[in-house]
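Each chain, letter by letter, is given below.
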Amino acid sequence: MNGAGGIWTVALVALVGLGAWLAVLGWPILQTLSPESPPGQLIQIAETLAAARDLEARVRLEGDGDEDVEVLLRYVDAPAIRLDLLAPEEMSGEVYTLREIDAGWLLVHYRPRQSAGVEIPMEGQEWLGNLLDAGRLRAALQLGRISVTSPEPGVLDVQGPLGPFHRLVVQRPIEDEGLLFTRIDVYSLEEGRGGRTACVQVLELEFDKGIEFRELLSLPDSPGRWFRG
């Protein structure tokens with residue numbers, strides 16, 4: 001997997017995990033909060049994400065020291081995720097899919113230039129399972145392990161230990177631009193210090209387009225070679 005692969009993996013998991021994390025913040029005790037408060041704004045995002053059967057987004061992934069990657073991201077709540085790489089040119093046409101299987105998760109990487117496909121079972125990824133586990137996240141919020149503040153207009157700072165991440169900074173459009181959020185900065189703990197791992201810029205976002213599970217997993221052509229990890 002090329003060097004840029006690590007960027008999209010972290011950013012993708014953060015983006016999908018954000019939906020599950022935010023949905024937790026909509027539990028009844030928080031419903032009395034003012035919609036203008038930071039947790040209330042997050043609840044509004046959560047309710048929209050939780051109600052979506054599928055979504056499609058064009059996003060730009062930034063990582064320190066790596067070239068930016070632009071992708072078309074599609075998700076259905078089977079759950080399954082698909083990334084079609086649009087840029088840079090040398091990666092255009094590559095496809096990543098991630099879906100849940102009995103033993104954990106299965107990551108597939110399709111490389112059309114090499115007519116090759118790679119399958120990587122992801123077992124024992126406890127942090128990934130927790131990221132999508134609303135019960136665990138609800139308990140974390142109830143115990144005060146997750147906090148939400150707004151240091152400036154249009155910015156939500158979500159903090160709390162969650163797997164390899166400890167902080168998400170979500171930027172929302174101050175004026176209505178038809179987007180729930182426009183940017184997510186992901187921070188992880190490295191040697192006890194918090195450092196930004198990746199940035200996800202949301203360029204377009206649509207919900208409930210009728211995307212089907214099989215559509216996410218299909219490849220443009222059948223790879224001539226398969227490698228299984």
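Model, not experiment: these values are computed from the prediction.

1. Side note on the pattern of salt bridges
Working definition: two side chains of opposite charge can pair if their charged atoms are close together.
Alright, step 1. Scanning the entire structure with this criterion turns up 14 salt bridges.
Alright, step 2. Across the salt bridge formed by Glu-119 and Arg-228, the nearest N and O atoms sit 3.2 Å from each other. Here the residue Glu-119 occupies a position in strand 6 (residues 116-122), and Arg-228 occupies one in strand 12 (residues 225-228), the gap between them amounting to 109 residues.
Alright, step 3. The network of salt bridges with common partners includes Arg-58, Arg-60, Glu-70 and Glu-204.

2. Re unusual backbone geometry
Alright, step 1. In this chain, Ala-78 is followed by Pro-79 through a cis amide linkage whose omega measures 0°.
Alright, step 2. For Pro-79, the location among the structural elements is in the loop between strand 2 (66-76) and strand 3 (80-87).
Alright, step 3. A cis amide bond links Ala-87 with the next residue in sequence, Pro-88, at an omega value of 5°.
Alright, step 4. Position of Pro-88 relative to the elements: it lies in the loop between strand 3 and strand 4 (95-101).

3. Some words on the environment of Leu-55
Alright, step 1. Tracing the chain through its elements places Leu-55 in strand 1 (residues 54-63).
Alright, step 2. With 153 residues separating them along the chain, Leu-55 and Asp-208 place their C-alpha atoms 5.9 Å apart.
Alright, step 3. Other than its neighbours up to four places away in sequence, Leu-55 contacts Leu-73, Arg-74, Tyr-75, Leu-205, Glu-206, Phe-207 and Ile-211.

4. Quick word on the side chain of Asp-157
Alright, step 1. Locating Asp-157 in the fold gives a position in strand 8 (residues 155-162).
Alright, step 2. A polar contact is formed between the side chain of Asp-157 and the side chain of Gln-159, at a distance of 3.4 Å.
Alright, step 3. A distance of 2.9 Å separates a polar atom in the side chain of Asp-157 from a polar atom in the side chain of Arg-167.
Alright, step 4. Asp-157 has contacts with Ser-147, Val-148, Thr-149, Pro-151, Arg-167, Leu-168 and Val-169, leaving out every residue within four places of it along the chain.

5. Details of the nonpolar core
Alright, step 1. Ranked by internal contacts, the top residues of the largest apolar core, which has 34 residues, are Ile-45, Val-59, Val-71, Leu-85, Phe-181 and Leu-205.
Alright, step 2. Ranked by residues supplied to this core, first place goes to strand 1 with four residues.
Alright, step 3. Ignoring sequence-local partners within four residues, the contact set of Val-71 consists of Ala-57, Arg-58, Val-59, Leu-61, Leu-83, Asp-84, Leu-85 and Leu-86.

6. Digging into the confidence of the model for the chain
Alright, step 1. Across the chain, the average pLDDT comes to 78, with 69% of residues at or above 70.
Alright, step 2. When mean pLDDT is taken per element in the chain, strand 3 scores highest with 94 and helix 3 (residues 126-131) scores lowest with 52.
Alright, step 3. The model gives residues 20-33 a pLDDT under 50, and that stretch makes 34 contacts with residues more than four places away or in other chains.

Cut-offs and rules
Residues numbered from 1 in each chain as written. Predicted model: local features only at pLDDT ≥ 70, side-chain atom pairs only at ≥ 80, totals over all residues. Heavy atoms only, no water. Salt bridge = Lys/Arg side-chain N within 4 Å of Asp/Glu carboxyl O. Helix = DSSP H or I, 4+ residues; strand = E, 2+ residues; numbered from the N terminus. Contact = heavy atoms within 4.5 Å. Polar contact = N/O pair within 3.5 Å; in protein donor to acceptor, adjacent residues only side chain to side chain. Core = buried A, V, L, I, M, F, W, Y, C linked by side-chain atoms within 4.5 Å. Buried < 20%, exposed > 50% of the residue type's maximum accessible area, 1.4 Å probe, protein only. pLDDT = per-residue confidence, 0-100.

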